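Coordinate inspection notes
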Amino acid sequence: MTTAMTCTRLTIFTVAGIFLQILGLSFFVFGFFPVKPTLSGVSGSESYRDPFCDSSPISNESDLHHPEKLKLLYQELSGISSKYDRLILMVIDGLPAEFVLGKDGKPPWKVWKESMPYTQSLLANGDAIGYHAKAAPPTVTMPRLKAMVSGAIGGFLDVAFNFNTQALLDDNLLGQFFRIGWKMVMLGDETWLKLFPGLFMRHDGVSSFFVKDTVQVDRNVSRHLPDELNSDDWNLLILHYLGLDHVGHTGGRNSPLMPAKLKEMDDIVRTMHLRAMMDRSHDQGQTLLIIVSDHGMTENGNHGGSSYEETDSLMLFIGLNSNISDYASATNNVAFQVDLAPTLALLFGVPIPKNNVGVLVPGTLSSLRDFEQLRALELNSWQLLRLMQAQIQSSSFPGFSCNCFLDGTCEGIDLDISECSGDKEKQLICLFRNAAVLHGIWKSKKSTESSSAMEDFSRALDAYNTFLKTASEWLASKTTEKPVLLLGLGVSAMLISCFICATVFLSLFKEVYHEPKDQVCSLSYLLNLEEMFIFALLLILVISMGSSSMVEEEHYIWHFMVSTFYLLLLFKTAKSFNFSEGMNILRDFKFGSIFSLLISGRLLRGWHQGGVNWTYLPDISKWLQQVGSGYVKWIQLISNFLVIVLGLYTLFRTGLNRKSVRILAFGFSACGFLILLHAGRYQDEMSTDFGATVTVKVIYYLLSISAIGASLVLPWSALNKDKSFLAEVGDCLYSIGSAYILCWCLLQLLLQQPINSGPILLLFLQILAILCLSSNDLQVNEWVEIAALYYMGMAGHFALGNSNTLATIDVAGAFIGISSHSTILSGILMFMITYASPMLFLLSLVMYIGAKLRNHSHSTISTHPETSLGQILKLKLGFPCLVPLCINSILLTAYTVVLLLMRNHLFVWSVFSPKYLYVCATTLCTYIGVCIVAATVTYTFSVTTFLRSNRTRHNNS
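Residues numbered from 1 in each chain as written. Predicted model: local features only at pLDDT ≥ 70, side-chain atom pairs only at ≥ 80, totals over all residues. Heavy atoms only, no water.

Counted only if it meets this: UniProt positions are given in the numbering used here, feature names are shortened, and annotations may be inferred rather than shown by experiment.
Identification of the protein as Type I phosphodiesterase/nucleotide pyrophosphatase/phosphate transferase from Arabidopsis thaliana x Arabidopsis arenosa is taken from an unreviewed UniProt entry. Per its UniProt entry, the protein bears the Subcellular location (unreviewed entry) comment "Endoplasmic reticulum membrane". Under the heading Pathway (unreviewed entry), UniProt records this for the protein: "Glycolipid biosynthesis; glycosylphosphatidylinositol-anchor biosynthesis."

Structure below.
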């Protein structure tokens, strides 16, 4: 690359770099996020035997085709009497345990407690026992349901599959119940139907993704309840209510709809308790009612991350006869969500699912006899030990043999109780040995009622609980060994891609600024203040990636550095003027633009208190919501109006007052009016409205036609014989860029939360200000201006309330205008909402290129007719494409290396992995934005060249 690089070579190298980056990213993602290790098959009669015995099923189990016979076999082998005949599992989606049980030993807030009087009376009277059931991230519905019924913690990428649920093939409770002949009914979230197709004899599923619907989605469940409670043909009734989660998404924890929704849920609990459990007029057997939630919610009503508010799910048992003596004992209990699976398996006499990592919920077996309690703990320990055997070498179990602890024949094993030390695996084996030995000692004395027998029982109970707790934590955190080859290939490909992009950039830099490459790479050249700043920000970002706290609070870096850049512009502008000259319009205009950047930047910084740790601090959005929705409506109205006015001004600014531009202006004006209509009439409605859906679809169509039409039609109607070639292209690109920006801003005003209409206007003003500065000789290199636009886009990303946790993703807006659920359409809308600001600033590059061409239309390029189209494209399109790609490539590669180094960090799944998903999504956003810019500019240059050549031939003829 010592000679000037042609446009074709530059394109080939850039595309090759992007391809390598995609390939490397794919290798790394599939290598770093593997599926958790699972044991194949389902648990059977072998689960009731010592794991060191023959693991094959009992010989006659395969002959027991009749479910009732299999059920009797399991009951006989388990040695635990089943007290319950039926189970009602009520899932209240998104209900934080704090709403029912309080927090830190304190009762729930008054409004929550008074909204659920019947449930609170059950807790106060000892008829119910509640648990803060900690859910594992990601806190979204599908993986949490899997965890409850299988006891297994899924892989981190389950968050991606939450929107396209597939059948659960792993061993699970519902499959075990089905094998013993249970009849099951499901009403509510259709996720259950996708996870367990064909298992329910009756069902009525509702979509979980229309989050505006908070009423009908629950009525569809409750309308079947009277008939089902009178029926005696089912063993398991699942009710999955979605309305409370939808209330959270639309209005947050403190939504005015929340108390009414809690009261509705409380009435349903009352109905089920009185009809299914207290009413003995129907011989339906003993019923156990369990109320659970899949996850909690943040103050804003979102979920997906790992904060306490999101992982604090509810597990409430009604009808256990646990002999609870006081309210505190009924509410101040802690468990894990996965603990539900082994608890229900042992209560209802089926094998524990094979891949379960949960333990028996403490207090749920207190009504059992002593030997049944120890037998339940023993079965749970055996099941976890089988999972451990799959991950620990068999040599770690020397002397262990079938029933050796019961018979006292374990060779080479010290049967004395000892303190367990050493590495984790040795500790686990030691803890199991202690529990098994103490259990054997109790069995030998259980015929006596002496105090020593009671003491041995307590010791065995404590030993089992210690082993189960330690083993569960170890298994929950255990993952498969990372495939080194895939990770190595992935990182290598991304490093090579980063090197290619940087080399191409330096080659173009050398050609544009006529600097030798060796001087460009030397430290002496980097003394330019603005260029030093760009590289300093990259360095700071890379260094901060290794800190979990800085990853959580990354927005501070972007806001601080972008504000610093504005101050640098102010400093540079002040130096370039002589203030003794008196009034200077250009000077005042520049200073006004810079101050508008500083003011808008400060407002954006204060609009949302982002991040993770300090979201409770006051900010502009919280203040506006507190003073009343009327102020938010006014801001929304003013923002819509100003965006339309400023957008139309920029559209007409080039003087292309042709018919096509006027049609575009009419289309955008109509869209703006419809958006205001939608905001005024439909935005506050919490249910799906036909009129709202039609209005939004019309807006989608108008915006799509306007944006695509502008890019395709304007180049054909912009021919002006009085202007130079570059000026003509510049005018056309400036108008197309204006159309892109206006279209994107209007779309965001429709999709974003109403509180974000102000930031959308401020981001639009920032783009106009920076483009005005650039058009009036900012005295900064072109690549620095483009890098600054990229940085401003990332700062705006956090200013809109986004963070590096999945909980800030706006799910509600992803279903605006969609009449039937579509994973693809909802995913696209969610991506648009989340990356509104980065994409806006990438699209502004079209307008930026047009402004540069208009100002430099009399440059040396335009005075040389022999200059090829490829050469012009390379010089005018090279930096706008390469700078975003290079910055993103550096950050992606650096964070990939950081994630690899942090693979054993305590917060690898809760902090670093969600951030990596955002980095990958930012990469996709950069690719899309650069492709749109490249395609638009190339098409416009090609059409204008074609029209000019035709006109030249026509004149010559």
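Let's talk about the sheet that holds strand 4 (residues 202-206)
What counts is decided by this rule: The pairing criterion for strands is at least two bridges between them, as found by DSSP. The helix and strand labels rest on DSSP assignments: H or I over at least four residues marks a helix, E over at least two residues marks a strand, and numbering proceeds from the N terminus. Note on geometry: axes are C-alpha line fits, over the in-contact stretch for helices, and angles between N-to-C directions span 0 to 180 degrees. Residue contacts are defined here by distance: any two heavy atoms, one from each residue, within 4.5 Å place the two residues in contact.
The sheet built from eight strands is open, its strands ordered 4-3-5-1-6-7-2-8 with mixed pairing. One side of each edge strand has no neighbouring strand; the edge strands of this open sheet are strand 4 and strand 8 (334-336). Averaged over all pairs of adjacent strands, the angle between strand axes in this sheet comes to 20°, irrespective of strand direction. With six bridges joining them, strand 1 (residues 86-92) and strand 5 (residues 236-241) adopt parallel strand pairing. If you follow I92 over to strand 5, its bridge partner there is Y241. Relative to strand 2 (residues 128-134), helix 5 (residues 117-124) is tilted by about 105°, and along the sheet it contacts strand 2 and strand 7 (312-318).

A few points about unusual backbone geometry
One non-glycine residue, D104, adopts positive backbone phi at about 55°. Mapped onto the secondary structure, D104 falls in the loop between helix 3 (98-101) and helix 4 (110-115).

Things to note about the pattern of salt bridges
Convention followed: By convention in these notes, a salt bridge is any Lys or Arg side-chain nitrogen within 4 Å of a carboxyl oxygen on Asp or Glu. Residue exposure (1.4 Å probe, protein chains only): buried if accessible area is under 20% of the type maximum, exposed if over 50%, otherwise partly exposed.
Within this structure, the stated rule accounts for 18 salt bridges. Ionic pairing is found between D171 and R179, a salt bridge with its closest N-O pair at 3.6 Å. On the accessibility criterion, D171 (1% relative accessible area) is buried. The partner of E190 in a salt bridge is K194, with the nearest N and O atoms 3.7 Å apart. Classification of K194 by relative accessible area gives partly exposed; the value is 31%. Counted as one network, the salt bridges with shared partners bring together R202, E228 and D233.

Points about the state of the cysteines
Counted only if it meets this: Two cysteine sulfurs form a disulfide in these notes if their separation is within 2.5 Å.
For the structure shown, the criterion picks out one disulfide. The residue that forms a disulfide with C420 is C430, at a sulfur-sulfur distance of 2.0 Å. Between C420 and C430 the disulfide shows an S-S torsion of about -80°. By sign, it is left-handed. In this pair, C420 is assigned in the loop between helix 18 (404-407) and helix 19 (424-445) and C430 in helix 19, connecting sequence segments ten residues apart. Here C420 matches C430 in class, with each residue buried. Here C881 stays unpaired: no disulfide links it, and the sulfur of C931, its closest cysteine neighbor, is 8.3 Å away. Residue C881 is classed as buried on the basis of its relative accessible area of 11%.

A closer look at helix 12 (residues 243-251)
With eight of nine residues buried, helix 12 lies mostly within the body of the structure. Taken together, the buried positions of helix 12 are G243, L244, D245, H246, V247, G248, H249 and T250. If you follow the buried residues of helix 12, they end up packed against strand 1, helix 10 (216-222), strand 5 and helix 13 (258-278). A positive backbone phi angle near 85° is found at G252, which sits one or two residues after helix 12.

As for the packing of aromatic side chains
Using the following cut-off: When two rings of Phe, Tyr or Trp (its six-membered ring) have centres within 6.5 Å they constitute a pair, described as stacked for plane angles under 30 degrees, edge-to-face for angles over 60, and tilted for the intermediate range. Whether a charge sits over a ring depends on NZ of Lys or CZ of Arg being within 6 Å of the ring centre and within 35 degrees of the ring normal.
A complete count under the given rule lists 24 aromatic pairs for this structure. A network of ring pairs unites the aromatic residues F505, F509, F535, W783 and F879 as a single cluster. Directly above the ring of W234 sits R86, whose terminal nitrogen or CZ lies 3.8 Å from the centroid. The lysine or arginine in question, K113, covers the ring of Y327, its NZ or CZ lying 5.1 Å from the ring centre.

Topic: the side chain of S472
Filter applied, for reference: Polar contacts here mean pairs of N or O atoms no more than 3.5 Å apart (in protein, one a potential hydrogen donor and the other a potential acceptor; neighbouring residues in sequence count only if both atoms are side-chain atoms).
Within the element layout of this structure, S472 appears in helix 20 (residues 451-477). Residue classification places S472 among the buried residues on the basis of a relative accessible area of 11%. One polar contact links the side chain of S472 to the main-chain carbonyl oxygen of V357, over a distance of 2.5 Å. Excluding residues that lie within four positions of it along the chain, S472 makes contacts with V357, G358, V359 and L384.

Regarding the nonpolar core
Operational definition: Nonpolar cores are built from buried Ala, Val, Leu, Ile, Met, Phe, Trp, Tyr and Cys residues. Side-chain atoms within 4.5 Å join them into one set.
F668, L746, W783, Y791, F879, Y916 and F941 are the most contacted members of the largest nonpolar core, which has 155 residues in total. Sort the elements by how many residues they give to this core and helix 31 (residues 725-751) lands first, with 19 residues. Formed by 125 residues, the second largest nonpolar core is a distinct cluster that contains L95, L173, A330 and C430.

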